[in-house]
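Okay, here's what each chain looks like letter by letter:
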Amino acid sequence: MSERDTPAELPRWRDRDAMRWAACRPAGWAHPLWGALALTAAVAVAAAVVPGALGTVHYGLAAAQIYWLFGLPELTLISGPVFAVLLMWRMEPEISVPGVAALLLCWGGARHRLGVRRRQRLLAANAALGVRLPLPGPLPPLRRGLVPIALGLLLCAAAIPPQTRLLAPVGGTLLAVGVLARGRAAALRRGGRPVLRVLTRADEDARTWVYAADDHAGRRPLFSCPTDPEPELPEGPRDGVLRNSLLFGTPYEGAELVLLSADTDDGPLVDRAAGPVRPA
């Protein structure tokens, strides 16, 4: 796909719309750090008040829940209520009450963050003015998520004996990470996706920074994401210069996108899969 193959009427992600997207951020109380601290404190209280009440599996599940809170808020919406019910059913009140309170904070924060993601997707889709295009081909094989899925399955299988039961939460976490990443990348390839003209700048750490189409000075980055350039990608796109690009997909925290960035002013566009998105 070349610059002259791209329709001139593709919508630009203008600064006013991009700043509205950037302002859509989770509230401070929903930051996963607070839920992680609350859960850690609840575990410490349980260990101090009722010594020996918690076993290795309990500590492993608490660690897994903290990881899910940061990286898999979707899973926290399920695990939080399940763990809360188990605590109330199996544990004494001096253990269950702090634990359930911490899990409620984790669940509420995860739900709030996912709601913000939905609003970010809607804002980006509205900025695209209904314009949707299929990803330009040929597309490379879909490999996203294969490694964590394979490791997760191996660890889950290794956790069958009682002495290795602690591996189960780790394996389940890796499996969920791989399935979610693969699902997002696969969804991006199905049918037409919203497309926006933006500006991008690649740094030496293989991260691409995205700017509004009319932020020609590159003063306000919207988000960054690691990129997977094709093997033949020249060094030029990593020189820190702002370049005209096309963004396929709707950006939000953790999203998978495809960026097509001009190699030179009149040169071809280079296909670069990108994700997960990290707001600036």
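Reference entry: report on the structure contained in this document. (Residues numbered from 1 in each chain as written. Predicted model: local features only at pLDDT ≥ 70, side-chain atom pairs only at ≥ 80, totals over all residues. Heavy atoms only, no water.)

### Let's talk about the overall build of the protein
Step number 1: A tally of regular secondary structure across the protein gives seven helices and eight strands.
Step number 2: Relative to its full complement of 280 residues, the protein shows a buried share of 43%.
Step number 3: Considering only contacts within the protein whose residues lie at least 6 apart along the sequence, 68% involve residues at least 24 apart.
Step number 4: Total accessible area on the protein stands at roughly 14,300 Å², and carbon and sulfur atoms take up 63% of it. (Helix = DSSP H or I, 4+ residues; strand = E, 2+ residues; numbered from the N terminus. Buried < 20%, exposed > 50% of the residue type's maximum accessible area, 1.4 Å probe, protein only. Contact = heavy atoms within 4.5 Å. Areas by Shrake-Rupley, 256 points an atom, 1.4 Å probe, with all protein chains shown as cover.)

### What about the side chain of Arg-113?
Step number 1: Looking at where Arg-113 falls in the secondary structure, it is placed in helix H5 (residues 93-127).
Step number 2: A distance of 2.6 Å separates a polar atom in the side chain of Arg-113 from the backbone oxygen of Leu-69.
Step number 3: Here Arg-113 is in contact with Pro-26, Ala-30, Pro-32, Leu-69, Phe-70, Pro-73 and Glu-253, once residues within four sequence places are set aside. (Polar contact = N/O pair within 3.5 Å; in protein donor to acceptor, adjacent residues only side chain to side chain.)

### A few points about the pattern of salt bridges
Step number 1: Counting across every chain of the model gives five salt bridges.
Step number 2: A salt bridge links Arg-220 to Asp-15; the shortest N-O distance between them is 2.8 Å. With Arg-220 in the loop between strand E3 (207-211) and strand E4 (223-229) and Asp-15 in helix H1 (residues 15-23), this residue pair connects regions lying 205 residues apart in the sequence.
Step number 3: Classification of Arg-220 as partly exposed rests on a relative accessible area of 32%.
Step number 4: Notably, a salt bridge pairs Glu-253 with Arg-113, separated by 4.0 Å at the nearest N-O pair. Within this pair, whereas Glu-253 is found in the loop between strand E5 (243-248) and strand E6 (257-262), its partner Arg-113 is found in helix H5, the two being separated by 140 residues in sequence.
Step number 5: Among the charged side chains, a network of salt bridges with common partners joins Glu-74, Arg-117 and Arg-184. (Salt bridge = Lys/Arg side-chain N within 4 Å of Asp/Glu carboxyl O.)

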